[in-house]
Amino acid sequence: MIRRSPNSAARPSGGRAEHALVLAVALAAVECAPATQLLDERTTSPYMALRAADDGLLERSHRLDASEPGGPKLHVHAREIGLEHEEGPVIVLLNGIFSDGRTWRFVTAQLAAKRRVLVLDLPGTGQSSAPDPESLGAEAYTPRWIARATLRALASWQAEAPERRELVLVGHSIAGTVTMHLLGSPELGALHDELDARVVGAVLIAPADILTASWSPTLVELAKLSELEVGFGSAFGVLESRVEQAIVGSVEEPERRALGGEATRILESLQDRNRRRASQAMLRRIRPVRDDDTPIWPEVRALAEDYERIRAPTLLLWGRRDDALPVSMGEELRGRIPGAELEVVEGVRHSVHQEAPYAAADAIERFASRLQWLGPRPLGTGRMSSVGSSPASP
């Protein structure tokens, strides 16, 4: 069914604790409320124009089957826009942690002006299934597990389409890590060819390198929040205050870029038990660790070898001032991913697509255009490795 995307203003958008400890944290948090007032994106330039354009897009919604054969049902929600474009690569947008597909709302209209776009909610986020991590075992919500689910969801979408289309994946943060494994893992490469998913390239926005990533104290804190802490934090306004504080601290020029919509979107994820547990599992399981949280380095290094097996054209897009995953990580990944290019956006931090939406959309479109210029590529085994290094611009 084709419809106009609804005005989503009504949809909020970004060990067991002792009561005394929670209350102490609550009192401490009251004193550290953000000095900068969060912005209303519907009345603040340039976000209001970009958000209005997103609200006006024609779209088709999908509930894509991402289930493993013989496993429990798993569905991925997708929003398809740019429906009039029948040629060229389809852009697939994948969200980061404690997030969902709405994180892309400031770049969707720009991208859909030139090509078909598919906005996915990763498993455990947004409107996608969020099964209990403990019920699925230790592999659930690892990057490779999410990558398998993403491949199956994309194959489901391809099966529904009139004809199969080439896909360019765009992943932010942990979704970038998922994409690196999807492109480099031999197991996932075989599944890609079996499903004929047709991924031909990727734009990775500040992906987390499992060898060197170290998380901010805020993310570590979120990963450990219990049901009790969320309940008390919500009741006393602590959770809202901490999230707002995190939003202000996560952007350059917060007086121009700290968005209230991001705070409410993250709060929604934290207050939904299933989605919170899924995101917490993603954060804990991004790399193999022991019971005391120390990395199991032989297993980590074995997983990181996926990077060196990537043969699809890859663009790394990084904010110069990223203090969550610094640009030095991008330099390291550029050296490890064959033929990868690194493009640095000045004056922004971790979420380039939100702080600099015009620059992000332009970089994604230029990359997709170059792949389209390459022309048809052979299908079958090794499809992702058949393209070679990123080409020079024509």
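Let us look at the structure shown here. It should be emphasised that the depicted structure is a prediction, and the values quoted were computed from it without experimental measurement.

### A look at the nonpolar core
Counting 80 residues, the largest nonpolar core has W318 and I337 as the members making the most contacts within it. For this core, the element with the highest residue contribution is helix α5 (residues 143–160), accounting for 9 residues. Ignoring any residue separated from it by four or fewer positions in sequence, one finds I337 in contact with M180, L204, Y307, I310, T314 and L316. In terms of nonpolar packing, the next biggest core, distinct from the first, is built from 29 residues, L57, L93, W104 and A368 among them.

### Some words on the pattern of salt bridges
Scanning all chains against the criterion turns up 44 salt bridges. With a closest N to O distance of 3.3 Å, R116 and E86 form a salt bridge. You can see R116 sitting in the loop between α3 (108–112) and β5 (117–120) and its partner E86 sitting in the loop between β3 (75–81) and β4 (90–94), a full 30 residues away along the chain. Of the residues examined, R116 reaches a relative accessible area of 7% and is grouped as buried.

### Let's talk about unusual backbone geometry
Each neighbour pair has its own omega, and for S45 with P46 the value is 0 degrees, a cis peptide bond. With respect to the helices and strands, the residue P46 is situated in the loop between α1 (19–30) and α2 (47–55). Notably, Y141 is not glycine yet its phi reads approximately 70 degrees, a positive angle. Inspection of the secondary structure assignment puts Y141 in the loop between α4 (133–136) and α5. A relative accessible area of 0% places Y141 in the buried class. Phi at D293 is positive, roughly 75 degrees, even though this residue is not glycine. If you trace the backbone, D293 turns up in the loop between α13 (273–284) and α14 (297–308).

### Things to note about the pairing of strand β7 (residues 199–205)
Across the 7 residues that make up β7, a large majority, 7, are buried. Note that strand β6 (residues 167–172) and β7 share 6 bridges and pair parallel. Bridging from a neighbouring strand, H172 pairs with I205 of β7.

### Regarding the packing of α5 against helix α6 (residues 174–184)
Taken N-terminus to C-terminus, the directions of α5 and α6 make an angle of 75 degrees; their axes are 8 Å apart at the nearest point. Between α5 and α6, the angle is such that the two are roughly perpendicular. Between α5, through P143, R144, I146, A147, T150 and L151, and α6, the contact on the second element is made entirely by T177, V178, H181 and L182. When the residues that make up the contact of α5 with α6 are grouped by side-chain class, the tally is 6 nonpolar, 3 polar and 1 charged.

Criteria and cut-off values
- Residues numbered from 1 in each chain as written.
- Predicted model: local features only at pLDDT ≥ 70, side-chain atom pairs only at ≥ 80, totals over all residues.
- Heavy atoms only, no water.
- Core = buried A, V, L, I, M, F, W, Y, C linked by side-chain atoms within 4.5 Å.
- Buried < 20%, exposed > 50% of the residue type's maximum accessible area, 1.4 Å probe, protein only.
- Helix = DSSP H or I, 4+ residues; strand = E, 2+ residues; numbered from the N terminus.
- Contact = heavy atoms within 4.5 Å.
- Salt bridge = Lys/Arg side-chain N within 4 Å of Asp/Glu carboxyl O.
- Pairing = 2+ DSSP bridges.
- Axes fitted to C-alpha atoms, helices over the stretch in contact; angles between N-to-C directions.
- Parallel < 35°, antiparallel > 145°, perpendicular 65-115°, else oblique.
- Nonpolar A, V, L, I, M, F, W, Y, C, P; charged D, E, K, R; others polar.

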